[in-house]
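# Structural overview for review
Residues per chain are reported as follows:
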Amino acid sequence: MEKKKSNVLAIAIMFFLFAMISFVTGLQNPFGVIVKSQFGASNFLSQLGNAANFIAYAVMGLPAGLILSKKGYKFTALAAVLVGLVGVGITFLSGVVESFGVYLLGAFVSGFSMCMLNTVVNPMLNTLGGGGNRGNQLIQWGGSCNSLAATICPVLVGYLIGNAANAKISDANPALFIAMAIFALAFIIIFFSDIPEPDLEAAKEAPAKSGIGDEVKGALSYRHFIFGIIAIFLYVGVEVGIPNFVNLYMTSSAINIAAGVAGTIVGMYWFLMLVGRLVGASIGGKVSSRSMMLVVSCAALVLLVLGMIFGDSAQVPFPAFKDLRFTMETIPLGVVFFVLCGLCTSVMWGAIFNLAVEGLGKYTSIASGLFMVMVCGGGILPLVQGAVADATSYLTSYIVVILAVLYLLWYTLMGSKPAKK
């Protein structure tokens, strides 16, 4: 009974951390609009904060996996929360000194924290669920908390900055203060909580003789894991790129939708991810990760193609918030199709992670670290998309996303079958 209660508390804490990851990461979406205004950044440069946030994963992924395997879940989570507090604090200072370089540093340091938190929550929930469908189900529930925070973030910051043409980082200070307060609260809760350490206890009973190199080599000896980390690289780029460029597209001079309204429409993308994850979590115990991925990958391809085809050829009413009131705003039809992709990207993270670590056993902790390294795709792919947008158009840039989703479909059908090299 005590073990069951401990597991419930541990699961609740992991859900809380899942939400933290999304809120802080989500700040880079509306901040892309802000830096275009404040520093005159191009589409490419507007994605550098997002890139810094995710490239930090490439630097911290393996160290985070090593810290987790040696120090356990609680120590890693506490360290991650402290680093996050520092990162958001630096972002706040960038508004005070009005420096693009300091802003990028804040995004980079925050990325360290997000990487460490991700390294903790995914294997922890998968372990607490016993792996398989149940492990995927818990990750989907955690992802629902992640999406809820992601829904709130662009709406809140969009409201704070108001007119995109005059936006400054300092306008978003209330959101930064909220993030810092949540980090401080999270540290207190985790510090006084008893979090199970199954992997750490197992290591004490049977100390591993292999070093970090051997662990990495062991994880990479699984063919489906290698394809899986490539899949997560592309997936995170897809998840981030779709809403980021919807925001830039709507606030551009061609469409000219107010930043506050555009933020609520982007928030709808994350809200649909919340809906999708709630559905995924509800059926996750019965429907396999492979089946989920097959359905959502095909649906995403259809929606992305329709978004590119229809573009701004027609205007349709869409729910949004304006001046704290619910309203129906007229937006391009193509944007509607892009926003609907949130339903598809919703379950991909948990499903890919579940498929990639299947059968890895003792290599799961280091595999989680390698997984986090490849999350840098969330910074690199939007940079590529931004370069394409600068050279062509916002709509044409979505071909980058389509190519990535095609790989995810291949991984689902072929590359995810468990096998050693």
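Residues numbered from 1 in each chain as written. Predicted model: local features only at pLDDT ≥ 70, side-chain atom pairs only at ≥ 80, totals over all residues. Heavy atoms only, no water.

Each helix and strand counted, the chain has 18 helices and 2 strands in total. Projected onto its principal axes, the C-alpha positions of the chain cover 65 × 45 × 40 Å. Counting over 421 residues, the chain shows a buried share of 59%. Restricting the contact set of the chain to residue pairs at least 6 apart, pairs at least 24 apart contribute 83%. Of the roughly 15900 Å² that the chain leaves accessible, carbon and sulfur atoms contribute 70%. Each charge class in the chain was averaged separately, 22 positive and 16 negative side chains, and the resulting centres sit 9 Å apart. (Helix = DSSP H or I, 4+ residues; strand = E, 2+ residues; numbered from the N terminus. Buried < 20%, exposed > 50% of the residue type's maximum accessible area, 1.4 Å probe, protein only. Contact = heavy atoms within 4.5 Å. Areas by Shrake-Rupley, 256 points an atom, 1.4 Å probe, with all protein chains shown as cover. Lys, Arg positive; Asp, Glu negative; His and termini not counted. Charge placed at Lys NZ, Arg CZ, Asp CG, Glu CD.)

The next point concerns the pattern of salt bridges. For side chains of opposite charge, pairing can occur when their charged atoms come near one another. For the structure on display, the rule yields 2 salt bridges. The salt bridge partner of Arg277 is Glu239, with a shortest N-O separation of 3.8 Å. Residue Arg277 is located in helix α11 (residues 259-283), and its partner Glu239 is located in helix α10 (residues 223-251); the two are separated by 38 residues in the primary sequence. Classification of Arg277 by relative accessible area gives buried; the value is 5%. (Salt bridge = Lys/Arg side-chain N within 4 Å of Asp/Glu carboxyl O.)

The residue Glu98 is not glycine, and still its phi comes out positive at about 50 degrees. With respect to the helices and strands, Glu98 occurs in the loop between α4 (48-97) and α5 (100-128). We classify Glu98 as partly exposed; its relative accessible area is 44%. Even without glycine at this site, Asn256 takes up a positive phi of about 60 degrees. Looking at the element boundaries, Asn256 is found in the loop between α10 and α11.

Within the structure shown, the criterion is met by 0 disulfides. In this structure Cys298 is a free cysteine whose sulfur lies 9.7 Å from that of Cys344, the closest cysteine sulfur available. Judged by relative accessible area, Cys298 falls into the partly exposed class, the value being 36%. The thiol sulfur of Cys341 is not disulfide-bonded, and the nearest other cysteine sulfur, from Cys344, lies at 5.6 Å. (Disulfide = S-S within 2.5 Å.)

The next thing to look at is the environment of Ile255. Here Ile255 shows up in the loop between α10 and α11. Residue Ile255 is classed as buried on the basis of its relative accessible area, which comes to 17%. For the pair Ile255 and Phe326, spaced 71 residues apart in the sequence, the C-alpha separation amounts to 21 Å. Setting aside anything within four residues of it in sequence, one finds Ile255 in contact with Tyr249, Met250, Asp312 and Pro332.

Attention shifts here to the packing of α11 against helix α13 (residues 333-340). Look at α11 against α13: their axes get within 8 Å of each other, and the N-to-C directions meet at 30 degrees. When α11 is examined against α13, the residues Ile265, Met268, Tyr269 and Leu272 are found in contact with a partner set consisting of Val335, Phe338, Val339 and Leu340. (Axes fitted to C-alpha atoms, helices over the stretch in contact; angles between N-to-C directions.)

Examined against the element boundaries, Ser313 turns out to sit in the loop between α12 (289-310) and β1 (315-322). Note: C-alpha distance between Ser313 and Pro332 (19 residues apart in sequence) is 7.1 Å. For Ser313, the side chain forms a polar contact with the main-chain oxygen of Phe310, separated by 2.5 Å. (Polar contact = N/O pair within 3.5 Å; in protein donor to acceptor, adjacent residues only side chain to side chain.)

What follows is about the nonpolar core. Counting residues in each nonpolar core, the largest one holds 136 residues, and the members touching the most others are Phe225, Ile352 and Phe371. In terms of residues, this core owes the most to one element, α10, which gives 16 residues. Discounting chain neighbours no more than four positions away, the residues touching Phe371 are Phe225, Gly228, Ile229, Ile232, Trp349, Ile352, Phe353 and Ala356. (Core = buried A, V, L, I, M, F, W, Y, C linked by side-chain atoms within 4.5 Å.)

Our focus in this paragraph is the packing of aromatic side chains. Each aromatic ring pair is summarised here by two numbers: the centre-to-centre distance and the angle between the ring planes. Per the stated rule, a full pass over the model turns up 17 aromatic pairs. Judged by centre distance (5.1 Å) and plane angle (90 degrees), the ring pair of Tyr269 and Trp270 falls under edge-to-face. For the pair shown, Tyr269 and Trp270 are each scored as buried. Here the guanidinium or amino end of Lys71 rests over the ring plane of Phe75, the centre of that ring lying 5.6 Å away. Here the guanidinium or amino end of Lys74 rests over the ring plane of Phe191, the centre of that ring lying 6.0 Å away. (Phe/Tyr/Trp six-rings, centres within 6.5 Å; stacked < 30°, edge-to-face > 60°. Lys NZ or Arg CZ within 6 Å of the ring centre and 35° of its normal.)

Before going further, it helps to examine a nonpolar patch on the surface. Where nonpolar side chains cluster on the molecular surface, the patch consists of Phe271, Val275, Val279, Ile283 and Leu343 and spans about 360 Å² of accessible area. For the nonpolar patch, the leading source of residues is α11, giving 4 residues. Within the secondary structure layout, Val279 lies in helix α11. (Patch = residues over 30% accessible without salt bridge, like charges linked within 9 Å, V, L, I, M, F, W, Y side chains within 5 Å.)

Turning next to the side chain of Ser110. Within the secondary structure layout, Ser110 lies in helix α5. Once residues lying within four places of it in the same chain are set aside, the contact partners of Ser110 are Val24, Asn53, Gly87, Val88 and Thr91.

A few words on helix α18 (residues 399-415). In this model, α18 (17 residues) spans 22 Å end to end at C-alpha, consistent with the 24 Å of a helix rising 1.5 Å per residue. Residues of α18 that are buried: Val400, Val401, Ile402, Ala404, Val405, Tyr407, Leu408, Leu409, Tyr411, Thr412 and Gly415. Of the surrounding secondary structure, the elements contacted by the buried residues of α18 are α10, α12, α15 (348-356) and α17 (377-391). (Expected span 1.5 Å × (residues − 1).)

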